[in-house]
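Examination of the molecular architecture
The chain contents come next:
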Amino acid sequence: MSNEVAVNKIALLLTALLAMPVVASAAPAAGQAPAQRSGAVILKAACASCHDNGLMGAPVTGNKKQWAARLAQGNAVVHRNALNGIRAMPPKGGCRSCSNEEIKAAVDIMIARSK
Ligand code: HEC
């Protein structure tokens, strides 16, 4: 293999590698952004396993006594703790596919049912 051929092959490879992220980032733009799921849907799918029955010490949705001190922190703090996690509560309740907006919507329902 001459040096020139080798250089050409490397150049081709680099071009292909550089083009890949462009294609990958263009893909979502072509389709529609996924529609936001409602807080009720998220709550049932991603939160109820712990928050319906107090698993791992989770405050039970609708139990005003268990929520009082948490709600006293203010909604902004409660939202933030749900997004970032707090002690045994994993970030976003472990829902990696959930957007921040979806988590906040789920928290808003928890709050409304628990105050
Ligand atoms: C694996 C169990 C588990 C799942 C799933 C889970 N949580 Fe939690 N959550 C907890 C636990 C445990 C706590 C209490 C943490 C503590 O304060 O020690 C908690 C606390 C919270 C709090 C109170 C935060 C505060 O400021 O005191 C909110 C709000 C919350 N979770 C929202 C959610 C939402 C929304 C989901 C679903 C997207 C969810 N959780 C899913 C276990 C879970």
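So, a few notes on the structure that sits alongside this text. Keep in mind it's a predicted model, so treat the numbers as computed, not measured. (Residues numbered from 1 in each chain as written. Predicted model: local features only at pLDDT ≥ 70, side-chain atom pairs only at ≥ 80, totals over all residues.)

This next bit is on the overall build of the chain. Of regular secondary structure, the chain possesses five helices and zero strands. Each of the 115 residues in the chain was classed as buried or not, and the buried ones make up 16%. Excluding contacts between residues fewer than 6 apart, the proportion of contacts in the chain whose partners are at least 24 apart in sequence is 63%. (Helix = DSSP H or I, 4+ residues; strand = E, 2+ residues; numbered from the N terminus. Buried ≥ 20, exposed ≤ 12 C-beta atoms within 10 Å, placed from the backbone. Contact = placed C-beta atoms within 7 Å.)

C47, C50, R87, M89 and G93 are the nearest of the 31 residues found near the ligand. For the shell around the ligand, the secondary structure elements donating two or more residues are helix 2 (39-51), helix 4 (75-84) and helix 5 (100-114). Residue contributions to the shell around the ligand peak at six residues, all from helix 2. Each residue belonging to the shell around the ligand can be placed in one class, and the counts come to 21 nonpolar, seven polar and three charged. (Near = placed C-beta within 6 Å. Nonpolar A, V, L, I, M, F, W, Y, C, P; charged D, E, K, R; others polar.)

Grouped together as the largest cluster of nonpolar side chains are twelve residues: I42, L43, A46, C47, C50, V78, A82, C98, I103, A106, V107 and M110. When residues of this core are traced back to their parent elements, those giving at least two are helix 2, helix 4 and helix 5. Counting residues per element, this core draws most heavily on helix 2, at five residues. Not counting the four nearest positions on each side in its chain, C50 is found in contact with L55, M56 and A58. (Core = buried A, V, L, I, M, F, W, Y, C linked by C-beta atoms within 7 Å.)

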